Each structure stands twice: as C-alpha cells, then as structure tokens.
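The residues making up each chain are set out below.
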Number of protein chains: 2
Amino acid sequence: MLAAGRCNKTSKGGVPAGGMAERITISIDAMGGDAGPEMVIPGAEIALTRHPGVHFILFGDEEVVLPVLEKHPRLAAASEFRHCDITVRMDDKPSQALRQGRWRSSMWRAIEAVKTGEADVCVSAGNTGALMAMSKFCLRTMANIERPAIAGIWPTLRGESVALDLGATIGADAQQLIDFAMMGGAMTRPVRYRPPDRRPAEHRRRGGQGLEEVRTAGRILREADLPSLDYRGFVEGDDIGKGVVDVVVTEGFAGNIALKTAEGTAKQFAALLRAAMERTVMARIGYLFARTAFTALKAKMDPRRANGGVFLGLNGIVIKSHGGTDAEGFAAAVDLGFDMVRNDLQAKIAADLSLYHRAGFRPDAASEAGNK
Amino acid sequence: MLAAGRCNKTSKGGVPAGGMAERITISIDAMGGDAGPEMVIPGAEIALTRHPGVHFILFGDEEVVLPVLEKHPRLAAASEFRHCDITVRMDDKPSQALRQGRWRSSMWRAIEAVKTGEADVCVSAGNTGALMAMSKFCLRTMANIERPAIAGIWPTLRGESVALDLGATIGADAQQLIDFAMMGGAMTRPVRYRPPDRRPAEHRRRGGQGLEEVRTAGRILREADLPSLDYRGFVEGDDIGKGVVDVVVTEGFAGNIALKTAEGTAKQFAALLRAAMERTVMARIGYLFARTAFTALKAKMDPRRANGGVFLGLNGIVIKSHGGTDAEGFAAAVDLGFDMVRNDLQAKIAADLSLYHRAGFRPDAASEAGNK
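Residues numbered from 1 in each chain as written. Chains lettered and ligands numbered in written order. Predicted model: local features only at pLDDT ≥ 70, side-chain atom pairs only at ≥ 80, totals over all residues. Heavy atoms only, no water.

**Focus on the overall build of chain A**
Inclusion rule: The secondary structure listing takes helices from DSSP runs of H or I that are at least 4 residues long and strands from runs of E that are at least 2 residues long, numbered from the N terminus. Throughout this description, buried means an accessible area under 20% of the type-specific maximum (1.4 Å probe, protein chains only), exposed means over 50%, and partly exposed covers the range between. The criterion used for residue contact is that any of the two residues' heavy atoms lie within 4.5 Å. Here the open area of atoms and residues is found with the Shrake-Rupley method and a 1.4 Å probe, where only the protein chains shown may cover a residue.
Helix and strand counts for chain A come out as 15 helices and 11 strands. Residue burial in chain A is summarised as follows: out of 372 residues, 59% are buried. Expressed as a percentage of contacts within chain A between residues at least 6 apart in sequence, the contacts between residues at least 24 apart total 76%. As displayed, chain A offers around 14900 Å² of accessible surface, 52% of which is attributable to carbon and sulfur atoms.

The structure is reproduced here in structure tokens:
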C-alpha cells in the first residue's frame, strides 16, 4: 500500500482566510440506501445544521421523498427538489443500472448535477457498483487518470488516515498505484490543512516477497520525489490502525478486504466487550461507574463517523455513503463531501498530476533508466 | 475466500477412542524467534505440562540452548538435544538461508526430523520465508499439490475458524484455491472432531465483481460436491470475525493483508479501551469493579492464543510460530502442532485430495463441460 499524510477530518475551520466562501451546493440521491429517503432526508438535515450555508438539490420519487421532506422544514427551505421516475435498486448490476437508469434515475441525475456545475459534489447511499459505473459514464475520468479509485477515511490511533483503493476495481498496475498515491495525498491536504512537506506515502508490502507493480510504483515515487508527497515505502496491514502514515495505497481487491476485515474485527471486539460487561454483577457495576468512558469509546469507534468513500479521479466529486447506515452516518458522508469541496480537492489533484506528468516520470521510462 | 467448518481447537480429549495413542514427537527449532531459546524452551515446557506424554527433539547451538534447558529440568527430561552450528537469522532472505543453512542449521534439521520420521511435526519461530523455503525443499509438496499454503486459526465470535493462505505465496489459480479449500477443510476436522457432513467452504468475493479464478474455483467446488466439504460460496472480510463459516480461503496476498489488518484493528481497539479506562477517576473505579470481566476479555482477545500457522500441502507438518511471541504464545503453536498430528491431518488431506482427483474435477475439464 501507498500512504500520504496524517489527517484529521475538520469540518469546522475550513473556510479559507479572507472572509465568506462561496455557497456550496450538494446534490443528493434521495432514493439511495437500504432505507431510502427515511434515512437520507434526516441525514442531510443533520449535515445542514453543521454547515448552515449549504444548498441541497434532492433527486427522487416525489411520492416517497416529499412526505418525508415535509417533516424536515429546515432542510426543505435549504433545498430544491427534483422528481425522478427511476430508482436504482440496491441489488441492480452496474450494467442493468446504466441501461435502465441512465438520464432518468435519481442516482444519475444527482451525479449529472455535478457535471453541469449546478452542484459541487454528489452524495449517494445507492449501490456501489451502479454509482461507480454511472459516475464514470457521466463524469469521465480526469486527464491522465486511467481508473478512478474509492478512498476512505480510516480511523487510527493518531487520528485519521486516507486509504485507497477500497474496491473500485480489482488489480492495479504501477502507474495506477502512483495515481492513487497522488490523489490520496491531495485528499489529505484538504482534510488536514497542513504544509505539503510532511506527507508520507507508503506502499503495502508483505514479508520478503512483493508484487512487481507495487515495487515499481514505489521506486518511481521515490525517484520522482514530488514536493506534495513524502513517500515512506511499504507498510503492513497492522500499521494502518497505528496511523504511521497519512495515506495507504493498495489495489482495490486487497483494499476492500482490509476495510471489511477491520470493520469485522472492530464489531467482534465490541461484541465481546459488551458480553464481558454483562456477564457478572460486578462487571455491571463497573460498567455503571465507567459509563462515560464507554460512551466516549463507543463514539470513537463508531463506524458511522468514518462513513463515506470518495470517488477519486473523475471530473467531479462523488461521495458513496454506506447503504445500511442511518441518518447520522449519512450526515458524516455529506460532511465529507463538504470538506472535499471546501478544500478544493479537484484542483489539488489536478495540480499534483500535472507536476508529475511534466516531470516525465512513467513506469516504462523509469525502468529503462533503471536498466542503464 | 473459501471457507470450511466451524472449529474449536481442543487440545484435550483428542485421544482416539480405544486406549493410549502412540507417543507424539515434536521437533523444535530452539534458535527461532526474536528471543531464541529464552522464549522457545520455556514455551515448549508449558506445552509439555499440557501434553505430558510428548517427546521433544530440540535443535540449536549448545552454547546458548543448554544453559536455558538446564533451568527447565522437566522439559530436559522429555527431550533429546542436538547441536547445530548454524542459526538462520530472522532477517535472512530465503535464498540466503537455504544456501547457508541447508543440512546444518537448527531450522533445517528440525524440519528434516519430520522427513526422516523421527518427529511427527516441526515447530519453529524462525523467519517465515526461510522456514517455508526450507520446508518445501526438504519435505517437498504432496502429490497433486502445486503450492503449499499457510493456514491460521482465526478467533471468531462463534469460536474459531481456519483461514488460508495467509501469505505463503502471492496469487493463486482456481486449482490452487480448490486445493486450499480441501486442505483447510481437512484441518478443521482434526480441530473439531465432528462428522464430515457439515463443513461449509466459502470463497471471498467483493461487490458485483469477482476474480475469474475465484469464480472458477467456486463453480468447481459446487459441482464436485465433495462429501468432506460443504461449500457455501463467497464471504466478505467482515464475515470472518462472525465465524459464519469454518474455513475461509483466499490467495496469500489478500489473506496476509486480512490477517495483519485484523491484528492491527484489535490492537487499536484494545489501546482505545485502555485509554478510556484510565482517563477519569470514575472510569478507574469502574475498571476495578469489572476487572475480572476485563481479564476474561483480554484472555479471549489474546493474540498469543491464536499463534501458529500450519504449513499445508507438504509431506509433513511444519508449524510457524510468530517470531515476536513469548513462551505462552510459543506453547500455543506447539499445542497446534500436537492437535494436527493427533488428529491425523496429513492422512485426512491425502484422503480428500484422492477423492477429488479420482472424480476427475479440474478447472479445465469443468470449463469445457460448462461450455457444452
């Protein structure tokens, strides 16, 4: 994996110095997620209370969205609603979703609003495959980027790191891994607001062996020595949680496995802790005394806080929320979208990519140079 | 990933009905691990107290091993010591270890004792790459097995599962994944002593996509419908901790990442819990009341309990202990080796493989059949 820059997601204080920033508009696929508008609408309202200036464009079926929206007058006042006939289902295959939902579904139109410039970012809790397929089709990849990636915020002992690719595609060649490193690195800057000279990037490695493409990507990043990226070499899976680096890069299959396994282990630990605290009378008394501490711990380990995957490498920002999350979790995904826009993610990625490509570093060129 | 059969490691009660089993001999690389004999010798003695009939053959440098062994007379009485000139270092590359340590190192000779039949299983805390390279070179792979795998016991909410490959090699084709499933399945039977008709095997999958070889392996396992393996399809990383299946199969790169990430997350959770319990006076009081519960939880989450990777697919059993573990952890690895021998792992694997190969299922044959 490749990693770049310790980061703390700060929704507050992100306004650039020099006064009021422009109003941010967020397009929302109101039909996404297991619970649909019942979860999305209250979620957007929670985010609105944290970012009062934000404007929303909500896309969905008026018959189900409007009754829910009526109960949230504050969000209604800050939103514009647009009816869509089609809803992409959570189990639709990407090809199916594209065939049936292109141009007309709430998911498509929420993404399209970013393309047309009406919205700055799109947030959807709809199914990942469909959302990625539609985002690629509608927004297209950025110049010099072959494949988009999904990046997530990974809670660590030191704060938060960025991890990618969490499952946009399977496999990645050296150039794609380098692209992931640069895009993830750019993402930590908005997230962390810190000078660009301390931004480690690391590559996951195992034992004495190594994947050829990972090694090549690592060598090039070291040689390229980009001002925006402090490349730190390889990390192992158990280093992610320690927060030893700010960005961890790997191809999507391994990244997705790492993410899911970490989620599973955290749930397992929480379940064991709960069971332990309920087993004896003494433990229950202890729990009562330490309740505040447990509540704080629970909040810290709350998977909803880390909800939201950023689609990187497209001509526009799309945030994927977990489909099974609740309003609080969806609000975190909206917060993440807000942060990415406020901190000019797209411009930072474009600047880093252009710097790299002007320097002429490519896996082929580097290996030729290496063989001389 | 492929998975097969819920399992509880039971070191007790494993003696086959009908009286005294044959004496088990375990060869130990006394020089392995970060702490070497200081950790290995007391570890073997702990295992001996749990399996009083076991005989050990200890390999190592007499100058460092004998002084430690003198302090453990009980182990000394149950052991035979053999001096070796060469010690494989923890950072030796596999090729280096083979070149310098073949025939003469404590690691080699401990493995060789299994080959000659003097020992039933070898346990080493030495470096993984060297141990695997020497094991392959010395023991060779079983008939019909192309690549060995490393299998581990994965603690779950329901007990324990077997996960493989945890990093013997990178990548795996369909046939290798099938081999992993069969070997892992055979391993759960010794571990659990239960009738062979409820042994789910599952294959990890991500989203709507899938690796071709994983799909092929899944299809063949379903078609083969082996009596020893109840194939359950694909699982995701967060299912491992739930223990929904007994065996989880994946190629080594992803498996190693899953393992390390789970370890990292568990450590992260433990650190946060510790910090939370120390932060306020009330929390400290609560901790005192619930101390027994915390101790039980700690024991349950103790990574030392799950120490020990089984090298599967070789003509003999080799157990790899974590190099950084302590005596208690090393004892768990010895226990695991004991269990594998006592429950006839090798014979079970051979029987399952022969059943499969007699049925004529091969990825190529199956895909031809599928195309008709």
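So, next bit.
**A short note on the packing of helix α1 (residues 37–50) of chain B against helix α13 (residues 327–342) of chain B**
Residues and elements named next belong to chain B. For clarity, the threshold we go by: To obtain an axis, a line is fitted to C-alpha atoms, over the contacting stretch when the element is a helix, and the angle between two such axes runs from 0 to 180 degrees between their N-to-C directions. Should an angle fall under 35 degrees it is taken as roughly parallel, and over 145 as roughly antiparallel, whereas 65 to 115 is taken as roughly perpendicular and any remaining angle as oblique. A clockwise turn of the near helix away from the far one marks a right-handed crossing, whereas an anticlockwise turn of less than a right angle marks a left-handed crossing. Amino acids are sorted into nonpolar (Ala, Val, Leu, Ile, Met, Phe, Trp, Tyr, Cys and Pro), charged (Asp, Glu, Lys and Arg) and polar (every other residue, Gly among them).
Their axes nearest at 7 Å, the elements α1 and α13 cross at an angle of 55°. The orientation of α1 with respect to α13, classified from their angle, is oblique. α13 is crossed by α1, and the crossing has right-handed handedness. Residues M39, V40, P42, G43, A44, I46, A47 and R50 of α1 form the contact with α13, whose participating residues are A327, E328, F330, A331, A332, V334 and D335. Partitioned by chemical class, the residues of the contact of α1 with α13 number 11 nonpolar, 1 polar and 3 charged.

**A closer look at the pattern of salt bridges**
Residues and elements named next belong to chain A. Our working definition: Put simply, a salt bridge is a Lys or Arg side-chain nitrogen that is within 4 Å of an Asp or Glu carboxyl oxygen.
A complete count under the given rule lists 24 salt bridges over all chains for this structure. Among the ionic pairs, R50 bridges to D335, the shortest N-O distance being 2.8 Å. Linking R50 in helix α1 (residues 37–50) with D335 in helix α13 (residues 327–342), this pair joins segments that are 285 residues apart in sequence. Its relative accessible area of 38% is what places R50 among the partly exposed residues. For D335, a relative accessible area of 7% puts it in the buried group. Residue D239 pairs with K242 through a salt bridge whose shortest N-O separation is 3.4 Å.

**With respect to a negative patch on the surface**
Applied cut-off: Each patch is built from residues that are more than 30% exposed by relative accessible area and take part in no salt bridge. Like charges join if they lie within 9 Å; nonpolar side chains (Val, Leu, Ile, Met, Phe, Trp, Tyr) join within 5 Å. In summary, the charge assignment counts Lys and Arg as positive and Asp and Glu as negative, without counting His or the chain termini. Lysine's charge is taken at NZ, arginine's at CZ, aspartate's at CG and glutamate's at CD.
Together, B:E146, B:D173, B:E212 and B:E213 make up a region of like negative charge exposed at the surface. Accessibility expressed as a relative area gives 34% for B:D173, which makes it partly exposed.

**A short note on a nonpolar patch on the surface**
A surface patch of nonpolar side chains, amounting to about 270 Å² of accessible area, comprises A:V281, A:M282 and A:I285. In this structure, A:I285 sits in helix α11 (residues 281–289).

**What to know about the relation of the copies chain B and chain A**
Counted only if it meets this: Copy-to-copy alignment: least squares on C-alpha atoms, limited to residues at pLDDT 70 or above in both.
Superposing chain B onto chain A requires a rotation of 180° together with a translation of 0.0 Å along the rotation axis, leaving an RMSD of 0.0 Å. Here the symmetry operator amounts to a two-fold rotation axis. Closest approach to the rotation axis among the C-alpha atoms of chain B is made by B:G286, whose C-alpha sits 1.9 Å away. Here 100% of the interface residues in chain B have copies in chain A that are interface residues too; the copies meet face to matching face.

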